[in-house]
Amino acid sequence: MPNQMPINHPNHSKPHLILVPLMAQGHMIPMVDLAGLLAAAGAFVTFITTPVNAARIRPVIHRIERSGLPVQFVELCFPAVEAGLPAGCENIDLIPSPDLFKPFMESLSLLGPQLKLHLAASSAPPPDCIVFDSLNSWASTVAKELGVPHLMFYGPSCFYILCSLLLKKNQVLKTIADDFELFPVPGLPEPVEVMKAQVFRWMDRPGWEKISEEFYAAEESAQGIIMNTFEELESSGLEVYRREMGKTIWPVGPLSLYNKDVESQAVRGNASSVDTQLLVNWLESKEPKSVMFVSFGSLARNPFSQLVEIGRGLKSALSSLSSLSFIWVVKEVEKGGEAKKWMSEFEAEIEGRGMVIQGWAPQELILTHVAVGGFMTHCGWNSTLEALATGVVMATWPRFGDQFLNEKLVVDVLKVGVAVGAKIPTLFVNEMSEEAQVKGEKVRKAVVEVMDGGKEGEARRRRAGELKEKARTATEEGGSSSENLKDIIRFAKQKISACDEA
Ligand code: UDP
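Residues numbered from 1 in each chain as written. Predicted model: local features only at pLDDT ≥ 70, side-chain atom pairs only at ≥ 80, totals over all residues.

A. Examining the overall build of the chain more closely. Summing up its helical and strand segments, the chain has 20 helices and 15 strands in all. The globule rule puts the C-alpha radius of gyration for 502 residues at 23 Å, and the 22 Å found for the chain is close to it. Scored against the burial criterion, the 502 residues of the chain give a buried share of 48%. Pairs at least 24 apart in sequence give 71% of the contacts found in the chain among residues at least 6 apart. (Helix = DSSP H or I, 4+ residues; strand = E, 2+ residues; numbered from the N terminus. Rg over C-alpha atoms; globule rule 2.2 N^0.38 Å. Buried ≥ 20, exposed ≤ 12 C-beta atoms within 10 Å, placed from the backbone. Contact = placed C-beta atoms within 7 Å.)

B. Summary view of the UniProt feature "domain: Glycosyltransferase N-terminal" (unreviewed entry) in the chain. Here the UniProt-annotated "domain: Glycosyltransferase N-terminal" (unreviewed entry) positions come out as residues 17-255. Here residues 17-255 runs as 42% helix and 16% strand, with 17 Å between its end C-alpha atoms. (UniProt positions renumbered as here; feature names shortened; annotations may be inferred.)

C. Layout of helix H3 (residues 58-67). Three or more residues of H3 are buried, namely Val60, Arg63 and Ile64. All buried residues of H3 fall inside an arc of 95 degrees around its axis, so they share one side. Facing away from the buried side of H3, by more than 90 degrees, are the exposed residues His62, Glu65 and Arg66. The inward-facing, buried residues of H3 contact helix H1 (25-40), strand E3 (71-75) and helix H11 (262-266). (Arc of directions from axis to C-beta.)

D. Spatial organisation of the site of the ligand. Taken together, 19 residues surround the ligand, and among them Gly26, Gly297, Ser298, Gly380 and Ser383 come closest. Counting only elements with at least two residues in the shell around the ligand, the list comes to H1, helix H15 (363-368) and helix H16 (381-390). Counting residues per element, the shell around the ligand draws most heavily on H16, which supplies four residues. In the shell around the ligand, the residues fall into six nonpolar, 10 polar and three charged. (Near = placed C-beta within 6 Å. Nonpolar A, V, L, I, M, F, W, Y, C, P; charged D, E, K, R; others polar.)

Okay, structure coming up:
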């Protein structure tokens, strides 16, 4: 589809990029940032969403609209009911039971015909490039059908993507009988040992062959890959990955650093469940680097017994370290019940030194505050990278997916984190078996080690500070990520010229 932008269209001289995120907060948040960045770098951007997701990110949409950046948000109708999902189930965090995860992933391809209809009917210029989330292989099919260049956006770390590629290429997992035996990943630039149970990909399970084949075909056909990481963080891994893939890889992160003012840091994903000013005032009352931030992303949930253990661990950490305070984000109370009751008693006990945010926290705003010195995280890649970008040391508690490998990167390779000690992945994103749970004493120990930790603690903080500086430089004018963004725009423009000449 050559660029036939109407010459009277306000953005006719700009390359038009369509961004197609996966409907999950951990995928949409970085892609919204990417949309803003590409628009600021000279593109006209269409961001594909659905009604429920658009309603959630409405404040973000308004913020971008107010900024005057050429980004338009287009809502396609999510075919939840056709796919056997409850009406309105348009985001992974709304899937009510594990057996509906596969129907959800399969239903995504039903968006393809709608995207084509939208493009055919739209008064906006035709697309020059489709940037699709790695789990939206259907969008690469649309791009191929329309003859539009397409780039894959990979949300996770290069470390995770490379490990997965090397394990698959060398067929390593087939040779490992014990799920919890440590073995090396062959071909990694830094030697790292992993366990089968922790690196097994959900899409490689029996029954997922079609989704998996489509994923690899989309990766193969993409003309390039955009990643939310930065060159200076993962240089050796990126070098091997480029060699393996034989195509252009553009690290453009940390995308979170695009949000420079308090409003954009506070308004990401869902609306905040806490008054931002109250939160900032609370943080202002604390000493620099004295607050531990505890949060497990948008999907992971703790059963009640695990909540109690976390609470016990945090409370005894307060006794071990007199300078310590904490913010704990708790989503498990949303449904009420015993967790809600227990939480109100707990809050009374820790008043003054602990703040509990029930629901959605303005995470980036918190992490950028000088009072925050540690982050207990589930190691979702966005959270991990947000901590690295703000120089905050981590207590790592992975749950599923890429998170155990991100923990390896943080603890063993970058040496800016302490493992809480979780070994067993959760069954589904929010289902934690009893044996996977972690005792309060381990929580206490990890908090104290991260927030104090003697000489080793100091060395961890120094390394985290250095990475923060490197992240900032990468995203500034002339930095590696900033230059890669310009290169993506050049790529899309070249396609326009090629079409004009044809
Ligand atoms: N997030 C947030 N507030 C919350 C929970 C999550 O702002 O209460 C943001 C967080 O900053 C990150 C994203 O949601 O940008 C979560 O992505 P991540 O990859 O860390 O984990 P996932 O939610 O995908 O497991």
